[in-house]
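Reading the structure
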Amino acid sequence: MSVEADGATPILEFRNINTHYGAVHILKDVDLAIYPGELVCLLGGNASGKSTTLKTLLGMVTPTTGEVVLDGEVVNDKPTSYRVERGVTMVPENRRLFKRLTVKENLELGAYLRTDKDGIANDLERIYTMFPRVKERLSQRAGTLSGGEQQMVAMGRALMAQPRVLLMDEPSMGLAPALVQTNFALIEEIHDSGVAIFMVEQNANMALSIADRGWVLQTGRVVLDDTADALMANPELRASYLGG
Amino acid sequence: MTATSVPATASSSEPQWSPDPRRLVSYGAICALTMVFICLIGMPVKLDPRPLIDPILSRGYASLVWVPVVFGYSVTSFVVLEGMAARRRGPSDVLEGAIVGAIGGLGVGILGLLVDNFDLRDPLINWSPQLVDFITFGNSIGFGIVIWLVIGALCGAAGAGLHLLPETVRLYVASVVLAVVGMSFLETAATDLLQGLKLEFISDAIYAKQGGLTVRGAVIVAVLTVAGLALGRFIRANQQRAAAGRAEADLATGGGASLTPVGGAMRRRSNRELVLGGLGIVGLLLLPQFLGGIMNELLANVGLFLLLALGLNIVVGLAGILDLGYVAFFAVGGYTTAVLTSPNAPWLHPELPWFVALLIVIPIAALVGLLIGAPVIRMRGDYLAIVTLGFGEIIRLLFLSDWLAPYFGGAQGITNIPGVQIFGIATVSGTDPKAVFYLVMGFCALAIYVSWRLERSRLGRAWMAIREDEKVAEAMGINTVNAKLAAFVTGAILASFSGAIFAAKVGSIFPNSFEILVSVIILVIVIVGGMGRIAGVALGAVVLIGILGGPSQPGLLQELAEYKLLIYGALLVWMMLKRPEGLLPNVRRSRELHHEELSQDAWLKAQEIEAAAPPDPEYPGWETPA
Ligand SMILES: Nc1ncnc2c1ncn2[C@@H]1O[C@H](COP(=O)(O)OP(=O)(O)OP(=O)(O)O)[C@@H](O)[C@H]1O
Ligand SMILES: [Mg+2]
């Protein structure tokens, strides 16, 4: 049913997931799989359950039925920290930096679960070369950064966790049009360095243009599951999300 | 009022300013209401017998006349935003201040008239003939009204007139007023200290027999203040000039992006801080030797509350858990110590030495912290605050209850708690406040060290992340429940130390020592000091407990004891409006800002260089889409 990269086991997988908030049924029988090194995206209208999908993947919301599988292991009852340790990291919706902490502290908190001091120092350097602007603002409080700078710090913070798969919730939300493009370029750059990316986006055109595969969620149900090219060509999708 | 407005000349392009009568009237009305309020809570009459500056100004009149000064000043303060023409200062300011002050004074006069003619003593206990006497200076009511109009106008004008002074002069004036009022109010402390230092002649020289500064004393204080201030400014200016020189040299050699000047300045400053800190500690250790019993008692109380506030600072300031029932752990520490050490304890009474008891107090406090914390910690914000408030009361009521009376003595409490035996050398008990002070200081030092280390630890960082955004902290892999429980338990243990010392100091323990008010006051110390800042919390404890006094402990300003809660409340409101960051400006943040400026300059310079050079094709620039 899904378009699979041959052979390999997925890093993260949903098997027939149902998630409720109280009595409200949000995710309905969702199947997903993210393979190492992939760039996949999840599309869907408002309140269709995209953010809930990410939270369920990371363990911040527990599914009512079904299995969340990480590297072949069912992790339904494992805490978020267990998944973060194993390389699942999220860039939350609206970036959500720790506003009154400094940029440096934000980055360090990304590496909270890591104990390899040298590795952390290396990764900090890597992020400084990736975002020179961040380096100049290390002791500034994160809440006073511009939107673009906050996006860089949010990505940097996520990268500090040494992710194997990066979950991004609407990374281009609230960015100026010029920044959206560079932002996507950056996501590709991160992807090229070997990190799998699972991206939730409203900007379906842009997302599909860089993605390998995609899913479309409608009121909590996966209604389309195909390669990015096929989705781009899909007339229904064109009509509803890609602006005709 | 219209006479004061500057006629708008059509030719002038500058925006003309004219007084706003509604603003004046509303400020005047608030000024009058404030003064009437102060009269009706009885402050002036109660404080009147004691002079502030003998024989010019009594504390009673002082409690009233500051109001028109403040209102006169604030009615003529304007925020000048960018692009707005700054208001030109002139005699019209003084006139406006005078009008506002006069309205305020009129309020007092009318109050005198009303008090003289109607009897409202039933609801208002301070509606008394003494108030009329106070307002009229013992003369007719007509005289009273006129004189208060004049006093109000003069004070208002003086307040507004401050704007006309140059910045520096204003600073001097404010400092002198503060120093004179402060020295007068802190008379007890100053005489006590001077006596201890065998310098009685100074206190004899500046204080009047019936209390308050003499005129000569006020002049001496003023002159010393001005001299000290001038010297301080001179030294600072010199240092700044030197620092600027160094920074320039550094920049010239190090290039634009180098941040070494900041690093250097920081290192130099931290050295100086170390020296100052060392001197401060030595001074603090020697201080009790020169103080009398009352002053030492006061310091010991400050220490007890500081210990509590440091603990709560970890919970509220670092981890962001608004615990309104913190007194519970203070009570647990006190009662556990009492049960374990007192021969009169209704239960167990193993009569352990205090330090041994403390070893048992710690795990018990931690356990209670866990028991209360576990259910509470999963709640958010206001729910958590209310539930902790409830738990605080539950603990007190349990100790009060007949049900637990066989264990904790109910309303009778536990008496005859022995002092702290220190290796058989000395016994620290309430009769020796000096020793209690040293004991408390020891524990405060420990608490400060622990807070300081925790703040910089991994756990401390987790707390700050949780305080900022709990959900995201969780997404970073922080176990938020455990981290918050750790904060709760750490806070509980520090509070139990304070409780244990409190029990040994007072020698007996009753449930009513642990009312909600204690929680509230500890919280106010933390807020006023600036949440999450150790030095701020220390200053908060000194100012609030030392000067105003604790829930049932007297402070330096004993005359104001009755108005303590009012002042606490007013201070809290004012702080929230004007200085939400707390009393002490955040050193780290101001350093940061400084650093920021420099790095901003560096960044701008880099931009210029980049603009001149072709962009690097390897790296897609952020601003320019690739
Ligand atoms: N904590 C919660 N409690 C109850 N309902 C929730 C909670 N979080 C989300 N919901 C509801 O679940 C539904 C799906 O929310 P979700 O955030 O997953 O949508 P989304 O697809 O990310 O939408 P958007 O594109 O607007 O971000 C919404 O109707 C939302 O109101
Ligand atoms: Mg969403």
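Residues numbered from 1 in each chain as written. Chains lettered and ligands numbered in written order. Predicted model: local features only at pLDDT ≥ 70, side-chain atom pairs only at ≥ 80, totals over all residues. Heavy atoms only, no water.

A few points about the overall build of chain A
Within chain A, the secondary structure is distributed over 10 helices and 10 strands. For 244 residues, the compact-globule formula gives about 18 Å, and the C-alpha radius of gyration of chain A, at 18 Å, lands near that figure. In terms of principal-axis extent, the alpha carbons of chain A reach across some 45 × 40 × 40 Å. Partitioning the intrachain contacts of chain A with sequence separation of at least 6 by distance along the chain shows that 69% fall at a separation of at least 24. Put simply, chain A shows about 9700 Å² of open surface, and 49% of that area lies on carbon and sulfur atoms. Positive and negative side-chain charges in chain A, numbering 24 and 31 respectively, have mean positions lying 9 Å apart. (Helix = DSSP H or I, 4+ residues; strand = E, 2+ residues; numbered from the N terminus. Rg over C-alpha atoms; globule rule 2.2 N^0.38 Å. Contact = heavy atoms within 4.5 Å. Areas by Shrake-Rupley, 256 points an atom, 1.4 Å probe, with all protein chains shown as cover. Lys, Arg positive; Asp, Glu negative; His and termini not counted. Charge placed at Lys NZ, Arg CZ, Asp CG, Glu CD.)

What to know about the overall build of chain B
Along its length, chain B carries 24 helices and 5 strands. The burial tally for chain B puts 44% of its 626 residues in the buried class. In chain B, once contacts between residues fewer than 6 apart in sequence are set aside, the share between residues at least 24 apart is 72%. As presented, chain B carries roughly 31100 Å² of accessible surface, and 68% of it is formed by carbon and sulfur atoms. (Buried < 20%, exposed > 50% of the residue type's maximum accessible area, 1.4 Å probe, protein only.)

A look at the coordination of the magnesium ion (ligand 2)
All names here are of chain A. Protein coordination at the magnesium ion (ligand 2): the donors are Ser51 (OG) and Glu93 (OE), at 1.9 to 2.8 Å from the metal. Placement of Ser51 in helix 1 (residues 50-58) and of Glu93 in the loop between strand 6 (88-91) and helix 3 (103-110) is noted, with a sequence separation of 42 residues between them. Overall, Ser51 belongs to the buried group, its relative accessible area being 16%. (Donors = N, O, S within 2.8 Å, 3.2 Å for Na, K, Ca; no water.)

Comments concerning the pattern of salt bridges
One pass over the full model with this rule turns up 24 salt bridges over all chains. Here Arg15 of chain A ties to Glu67 of chain A by a salt bridge, and the two come within 3.4 Å at their closest N and O atoms. Of this pair, Arg15 of chain A sits in strand 1 (residues 12-21) while Glu67 of chain A sits in strand 4 (residues 65-70), placing them 52 residues apart in sequence. Residue Lys46 of chain B pairs with Glu562 of chain B through a salt bridge whose shortest N-O separation is 3.4 Å. Residue Lys46 of chain B is located in helix 2 (residues 43-47), and its partner Glu562 of chain B is located in the loop between helix 22 (534-548) and helix 23 (564-578); the two are separated by 516 residues in the primary sequence. Bridged by salt links that share partners, the residues Arg114, Asp116, Asp123 and Arg126 of chain A form one connected network. (Salt bridge = Lys/Arg side-chain N within 4 Å of Asp/Glu carboxyl O.)

A short note on the site of ligand 1
All names here are of chain A. Taken together, 13 residues are adjacent to ligand 1, and Asn46, Lys50, Ser51, Thr52 and Glu93 come closest. In the model, an oxygen atom of ligand 1 is placed 3.2 Å from a nitrogen or oxygen of the Ser48 main chain. One of the side-chain nitrogen or oxygen atoms of Gln202 is found 3.0 Å away from an oxygen atom of ligand 1. Protein contact buries 60% of the 630 Å² of open area that ligand 1 shows by itself. (Near = heavy atom within 4 Å. Polar contact = N/O pair within 3.5 Å; in protein donor to acceptor, adjacent residues only side chain to side chain.)

Brief notes about the packing of aromatic side chains
The tally for this structure, following the rule as stated, stands at 21 aromatic pairs over all chains. Their ring planes at 50 degrees and their centres at 5.2 Å tell us that Phe330 of chain B and Phe502 of chain B sit as a pair that is tilted. Pair noted here: Phe330 of chain B is in helix 13 (residues 327-341) and Phe502 of chain B is in helix 20 (residues 480-506), with a separation of 172 residues, a long-range link. Each member of the pair, Phe330 of chain B as well as Phe502 of chain B, is classed as buried. Aromatic side chains Phe443 of chain B and Phe497 of chain B sit 5.2 Å apart centroid to centroid with 55 degrees between the ring planes, which places their arrangement in the tilted category. Highlighted residues: Phe443 of chain B in helix 17 (residues 433-455) and Phe497 of chain B in helix 20, separated in sequence by 54 residues. Ring-pair connections join several aromatic residues into one group, and the members of that group are Phe330, Tyr335, Trp347, Phe399, Tyr407, Phe408, Phe502 and Phe514 of chain B. Here the basic side chain of Arg157 of chain A rests over the ring of Phe98 of chain A, its NZ or CZ set 5.0 Å away from the ring centre. Taking NZ or CZ as reference, Arg59 of chain B lies 4.6 Å from the ring centre of Phe185 of chain B, over its face. (Phe/Tyr/Trp six-rings, centres within 6.5 Å; stacked < 30°, edge-to-face > 60°. Lys NZ or Arg CZ within 6 Å of the ring centre and 35° of its normal.)

Some details on the nonpolar core
Core analysis: the biggest nonpolar cluster contains 106 residues, and Ile501 and Ile525 of chain B have the highest contact counts within it. Ranked by the residues each element gives to this core, the list is headed by helix 12 (residues 293-318) of chain B, at 17 residues. Contact partners of Ile501 of chain B, with chain neighbours within four places excluded, come to Leu304, Leu307, Trp354, Val436, Leu439, Val440 and Phe443 of chain B. Phe131, Leu145, Val180 and Val216 of chain A belong to the second largest nonpolar core, which has 47 residues in total. (Core = buried A, V, L, I, M, F, W, Y, C linked by side-chain atoms within 4.5 Å.)

A few points about a nonpolar patch on the surface
All names here are of chain B. On the surface, a cluster of nonpolar side chains totalling about 680 Å² of accessible area is made up of Leu106, Ile110, Leu114, Phe118, Val146, Leu149, Val150 and Leu154. Sort the elements by how many residues they give to the nonpolar patch and helix 6 (residues 141-161) lands first, with 4 residues. By the element assignment, Val146 lies in helix 6. (Patch = residues over 30% accessible without salt bridge, like charges linked within 9 Å, V, L, I, M, F, W, Y side chains within 5 Å.)

Some points on the confidence of the model for chain A
Atomic detail in the predicted coordinates should be set aside for any region of low pLDDT. All names here are of chain A. Chain-level statistics for chain A give a pLDDT mean of 88 and a share of 95% at 70 or above. Mean pLDDT values over the elements of chain A span from 78, in helix 10 (residues 235-240), up to 94, in strand 8 (residues 196-200). Within the model, the stretch residues 1-5 combines pLDDT values under 50 with 9 contacts to residues more than four positions away or in other chains. (pLDDT = per-residue confidence, 0-100.)

Overview of helix 22 of chain B
Residue and element names in this part refer to chain B. Over its 15 residues, helix 22 runs 20 Å from end to end, which matches the ideal 21 Å to within 8%, given 1.5 Å per residue. Residues of helix 22 that are buried: Ile534, Gly536, Val537, Gly540, Ala541, Leu544, Ile545, Gly546 and Leu548. The inward-facing, buried residues of helix 22 contact helix 12, helix 17, helix 21 (516-529) and helix 23. Immediately downstream of helix 22, the backbone of Gly549 shows phi near 105 degrees, a positive value. (Expected span 1.5 Å × (residues − 1).)

Quick look at the side chain of Asn313 of chain B
Residues and elements named next belong to chain B. Examined against the element boundaries, Asn313 turns out to sit in helix 12. Looking at Asn313, the relative accessible area reads 2%, which means it is buried. For Asn313, the contacting residues outside a window of four places in its chain are Leu318, Val526, Met531, Gly532, Arg533, Ile534 and Val537.

Concerning the domain arrangement of chain B
When the domains of chain B are assigned, the result is domain 1 (1-9 + 19-164), domain 2 (169-251) and domain 3 (294-513). Just the C-alpha atoms count here: the centres of domain 2 of chain B and domain 3 of chain B sit 38 Å apart. (Domains from an automatic or database assignment.)

Some details on unusual backbone geometry
Of note, the bond from Asp54 of chain B into Pro55 of chain B is cis; its omega dihedral lies within 30 degrees of zero at 0 degrees. We note that Asn16 of chain A has phi near 55 degrees; this positive angle belongs to a residue other than glycine. Taking relative accessible area as the criterion, Asn16 of chain A reaches 41% and is therefore assigned partly exposed. The phi angle at Glu351 of chain B is positive, at roughly 50 degrees, despite the residue not being glycine.

Quick word on helix 7 (residues 167-185) of chain B
The first and last C-alpha atoms of helix 7 of chain B sit 27 Å apart over 19 residues, in line with the 27 Å expected at 1.5 Å per residue. Taken as a whole, helix 7 of chain B has its buried residues at Arg170, Ser175, Val176, Ala179, Val180, Ser184 and Phe185 of chain B.

Let's talk about the pairing of strand 2 (residues 24-34) of chain A
Residues and elements named next belong to chain A. Bridge analysis of strand 1 against strand 2 gives 7 bridges, and the strand direction is antiparallel. Note that in strand 2 the partner of His20 across the bridge is His25. Counted along the chain from strand 1 to the antiparallel partner strand 2, the turn is 2 residues long, and its residue Gly22 has a positive phi close to 65 degrees. (Pairing = 2+ DSSP bridges.)

A closer look at the confidence of the model for chain B
Residues and elements named next belong to chain B. Of all residues in chain B, 85% attain a pLDDT of 70 or more, and the chain-wide mean is 84. Within the model, the stretch residues 1-14 combines pLDDT values under 50 with 12 contacts to residues more than four positions away or in other chains. Here the predicted complex scores 0.83 on pTM and 0.90 on ipTM.

Observations concerning the sheet that holds strand 2 (residues 57-58) of chain B
Sheet strands pair by backbone hydrogen bonding; their relative direction is either parallel or antiparallel. Residue and element names in this part refer to chain B. Taken in spatial order, the 3 strands of this open sheet run 2-1-3, and their pairing is mixed. On the outer flanks of this sheet lie strand 2 and strand 3 (213-214), each paired with one strand and no other. Pairing of strand 1 (residues 51-54) with strand 3, which is carried by 2 bridges, proceeds in the parallel orientation. In the strand pairing of strand 3, Asp54 is matched with Thr214. Against the sheet, helix 7 contacts strand 1 and strand 3, and its axis sits at roughly 115 degrees relative to strand 1. (Axes fitted to C-alpha atoms, helices over the stretch in contact; angles between N-to-C directions.)

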